[in-house]
Amino acid sequence: MVAEGTRAGGELPPAFVIAALEPRHAAHAATLHLAGQPGTFLSSLGPGVLTALYTALPSTRAGFGWVALDGDAAPRGFVAATVGVGRLFVEIGTTRLGTLLPPLLAQLARHPALLGRTAQTLLYPLLVRNDAAARRSEQPAAELLAIMVEPAWRSRGIGARLLARLLDDCRARGVRTLEVTVDAGNDGARRFYHRHGFGAARAFVLYGRPMLHLRRAV
Ligand SMILES: CC(C)(COP(=O)(O)OP(=O)(O)OC[C@H]1O[C@@H](n2cnc3c(N)ncnc32)[C@H](O)[C@@H]1OP(=O)(O)O)[C@@H](O)C(=O)NCCC(=O)NCCS
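Residues numbered from 1 in each chain as written. Predicted model: local features only at pLDDT ≥ 70, side-chain atom pairs only at ≥ 80, totals over all residues.

1. Some points on the overall build of the protein
Moving on, step 1. Each helix and strand counted, the protein has nine helices and seven strands in total.
Moving on, step 2. Put simply, the protein has 218 residues, and 30% of those count as buried.
Moving on, step 3. Put simply, 71% of the contacts in the protein that link residues at least 6 apart link residues at least 24 apart. (Helix = DSSP H or I, 4+ residues; strand = E, 2+ residues; numbered from the N terminus. Buried ≥ 20, exposed ≤ 12 C-beta atoms within 10 Å, placed from the backbone. Contact = placed C-beta atoms within 7 Å.)

2. As for helix α8 (residues 158-172)
Moving on, step 1. Over its 15 residues, α8 runs 21 Å from end to end, which matches the ideal 21 Å to within 8%, given 1.5 Å per residue.
Moving on, step 2. The complete set of buried residues in α8 reads Ile 158, Gly 159, Arg 161, Leu 162, Leu 163, Arg 165, Leu 166, Leu 167 and Cys 170.
Moving on, step 3. Considering only its buried residues, α8 is in contact with β1 (16-20), β2 (63-70), β3 (77-82), β4 (141-149), β5 (177-183) and α9 (187-195).
Moving on, step 4. One or two positions beyond α8, positive phi appears at Gly 174, with a value near 80 degrees. (Expected span 1.5 Å × (residues − 1).)

3. Some remarks on the environment of Phe 89
Moving on, step 1. Topologically, Phe 89 is positioned in helix α4 (residues 85-95).
Moving on, step 2. A C-alpha to C-alpha distance of 9.3 Å links Phe 89 and Pro 125, two positions 36 residues apart in sequence.
Moving on, step 3. When neighbours within four sequence positions are excluded, Phe 89 is seen to be in contact with Leu 122 and Pro 125.

4. Notes on the sheet that holds β2
Moving on, step 1. Within the open sheet, the seven strands sit side by side as β1-β2-β3-β4-β5-β7-β6. Their pairing is mixed. A single partner strand is all that each edge strand has here, and the edge strands are β1 and β6 (199-206). Going from strand to strand, the sheet's axes swing by 25 degrees on average, the running direction of each strand aside.
Moving on, step 2. Bridge count for β1 against β2 is five bridges, and the pairing is antiparallel. Each bridged residue has a counterpart across the sheet, and for Ile 18 the counterpart in β2 is Ala 68. (Pairing = 2+ DSSP bridges. Axes fitted to C-alpha atoms, helices over the stretch in contact; angles between N-to-C directions.)

Right under this line is the structure:
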């Protein structure tokens, strides 16, 4: 069971709640993403692309997420997941391309070197699921795409509460396994996932960096 509550980082305010991620939270989710994962590929796409992605994600059938709300203040953290990265890409590509493409093309025009990494991202579903036989025998899985807590609000159990709510959501959707890819050099995130029962499934290279694919039972 995932730990809840507060500890050394300070009490969470009484108005603090975990609520469903909605398109109106997208700009704040993008800001949290940029603060939580500086220097990564998705962050290099900039706030416009990230905002478009987090606007699209909760509007799809394949994507879902939760935000940590402190009353009317901006979200202090969020978690985003999908029941299938490939399905999510297809859904966003077919229904939301109009909002995603302009900021993406503008950023690629400014930084053409990002083109290769964008292509790798589109191939990511194949990287993590390249064994068709294993895929057929697997139980329904979801993938945690991002979990970010505002730096000043970390170590108060917000990450644990977001993950607990996501796991409840997964159970309600009939998902049996939750997976996540983490940069092998992200020690804090690896500790967080390890504490919450994730174990290594496989290692691979993405964007020229060593990555770990982790999973746990839901
Ligand atoms: C990973 C991350 C989401 C965890 O969020 P968080 O709110 O700090 O998580 P928690 O408070 O539940 O746990 C983190 C720490 O607080 C401690 N903690 C756990 N439960 C706690 C509680 N109820 N109250 C206070 N502290 C707690 C833990 O011991 C942990 O300490 P450690 O980092 O020394 O191991 C956050 O660190 C983050 O945003 N990181 C940057 C983005 C990132 O790398 N995301 C993962 C890849 S997508």
